[in-house]
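Coordinates in review
Chain residues, written in single-letter form:
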Amino acid sequence: MRKERDQRGEYRAKKIGGKLVLGTIFLSFLAAGIVYTAMMQAEKKLLDSYEKGTVYVAKKRISKGDILNAALWQECVERRETDAAIVPSSAITGAPEEEMAALWSIEPGVILTGGMFEAIPDVVKDMKEPVLAGFRVEDIYQVVGGVLRAGDRIHIYRVDREKEEAKLLWRDLYVQEVFDNNGGRIAGEDRSTCAQRMNVYLDREDVEAFYRELSIGEIRVVKVL
């Protein structure tokens, strides 16, 4: 009889102990849930306290010399929201009203700023009537090995072999676009194709003299660094 009572007491003790363990586990989960909820609410309040800012980033690579017009904007730029504290003061705030040329290549994800572009009016600001003039060379050694790309600045010299002299014809011309020897456009990220044809900005009144000078002798193009 005594043995039976001892077994019943032991059973009750184990039952009570099991309940205590389950209760402890439940309370632990409850406490963890309360802490997690509190942390989430605190994080949400912290995030809500941040002032939002709008930026425009490159969603595709923009190559040096690319003209940022309406078509390129639609294709290569996207709008994002971010913490206003990290928005650069020079960040572009919307589609440009005038065309701009990229001063260097811009990788995807980079926030666009005004300093990355040069407005086309700045390129031609000293010209009365800007036009595009195209020319070609016979050999790539005439154009620094064909490494020229859109957006480059160049000086053009004429070489007179008989007089053994070189004459500076035009300085600081802006290269609008370059092509291979067959007339195919060369993209800015293409570092291997040799450029032998190019378009540059000129004042219309200078076009006649430009082509006359080029026809007199061999030309050499110098890239401005």
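Preceding this section is the structure that the text describes.
Conventions adopted
Residues numbered from 1 in each chain as written. Predicted model: local features only at pLDDT ≥ 70, side-chain atom pairs only at ≥ 80, totals over all residues. Heavy atoms only, no water. Salt bridge = Lys/Arg side-chain N within 4 Å of Asp/Glu carboxyl O. Helix = DSSP H or I, 4+ residues; strand = E, 2+ residues; numbered from the N terminus. Buried < 20%, exposed > 50% of the residue type's maximum accessible area, 1.4 Å probe, protein only. Pairing = 2+ DSSP bridges. Axes fitted to C-alpha atoms, helices over the stretch in contact; angles between N-to-C directions. Core = buried A, V, L, I, M, F, W, Y, C linked by side-chain atoms within 4.5 Å. Contact = heavy atoms within 4.5 Å. Polar contact = N/O pair within 3.5 Å; in protein donor to acceptor, adjacent residues only side chain to side chain. Arc of directions from axis to C-beta.

1. Considerations on the pattern of salt bridges
- In the structure shown here, the tally under the stated rule is 15 salt bridges.
- In this structure, the salt-bridge partner of Glu213 is Arg158, at a minimum N-O distance of 2.1 Å. In this pair, Glu213 sits in helix H4 (residues 207-216) while Arg158 sits in strand E7 (residues 153-160), placing the two residues 55 residues apart along the sequence. An identical accessibility class is assigned to Glu213 and Arg158; each is buried.
- Ionic contacts of the salt-bridge type, sharing partners, join the residues Lys64, Asp152 and Lys223 into one network.

2. Notes on the sheet that holds strand E10 (residues 218-223)
- Reading across from one edge, E6-E9-E8-E7-E10 is the order of the 5 strands in this open sheet, with antiparallel pairing throughout. Looking at which strands have only one partner, the edges of the open sheet turn out to be strand E6 (130-136) and E10. Direction aside, the axes of adjacent strands within the sheet are offset by 45 degrees on average.
- Both E7 and E10 contribute to a ladder of 6 bridges, which runs antiparallel. By the bridge assignment, Ile154 is partnered in E10 with Lys223.

3. Quick word on the nonpolar core
- The biggest cluster of nonpolar side chains holds 21 residues, and the ones touching the most others in it are Phe135, Ile154, Ile156, Leu173, Met198, Val200 and Phe210.
- When residues of this core are traced back to their parent elements, those giving at least two are E6, E7, strand E8 (165-179), strand E9 (197-203), H4 and E10.
- The element that contributes the greatest number of residues to this core is E8, accounting for 5 residues.
- If near-sequence neighbours (up to four positions away) are discounted, Val200 is found in contact with Val131, Leu132, Ala133, Phe135, Ile154, Leu173, Tyr174, Val175, Gln176 and Phe210.
- Ala58, Cys76, Val77 and Ala102 belong to the second-largest nonpolar core, a separate cluster that totals 16 residues.

4. Digging into the side chain of Arg220
- On the secondary structure map, Arg220 appears in strand E10.
- On the accessibility criterion, Arg220 (18% relative accessible area) is buried.
- Of note is the side chain of Arg220, whose polar atom sits 3.0 Å from the side chain of Glu218.

5. Overview of H4
- Restricting attention to buried positions, one finds in H4 the residues Phe210, Glu213 and Leu214. Buried residues in H4, looked at end-on, bunch into an arc of 100 degrees, giving them a common side. Residues Glu208, Ser215 and Ile216 are exposed on H4 and point more than 90 degrees away from its buried face.
- Along its buried surface, H4 packs onto E6, E7, E8, E9 and E10.

6. Brief notes about unusual backbone geometry
- Here the phi dihedral of Val144 falls at roughly 45 degrees; this positive angle occurs in a residue that is not glycine.
- Located in the positive-phi region is Asp172, a residue other than glycine, with phi close to 55 degrees.
- Tracing the backbone through its elements, the reader meets Asp172 in strand E8.
- Taking relative accessible area as the criterion, Asp172 reaches 36% and is therefore assigned partly exposed.

These figures come from the coordinates and say nothing about function on their own.
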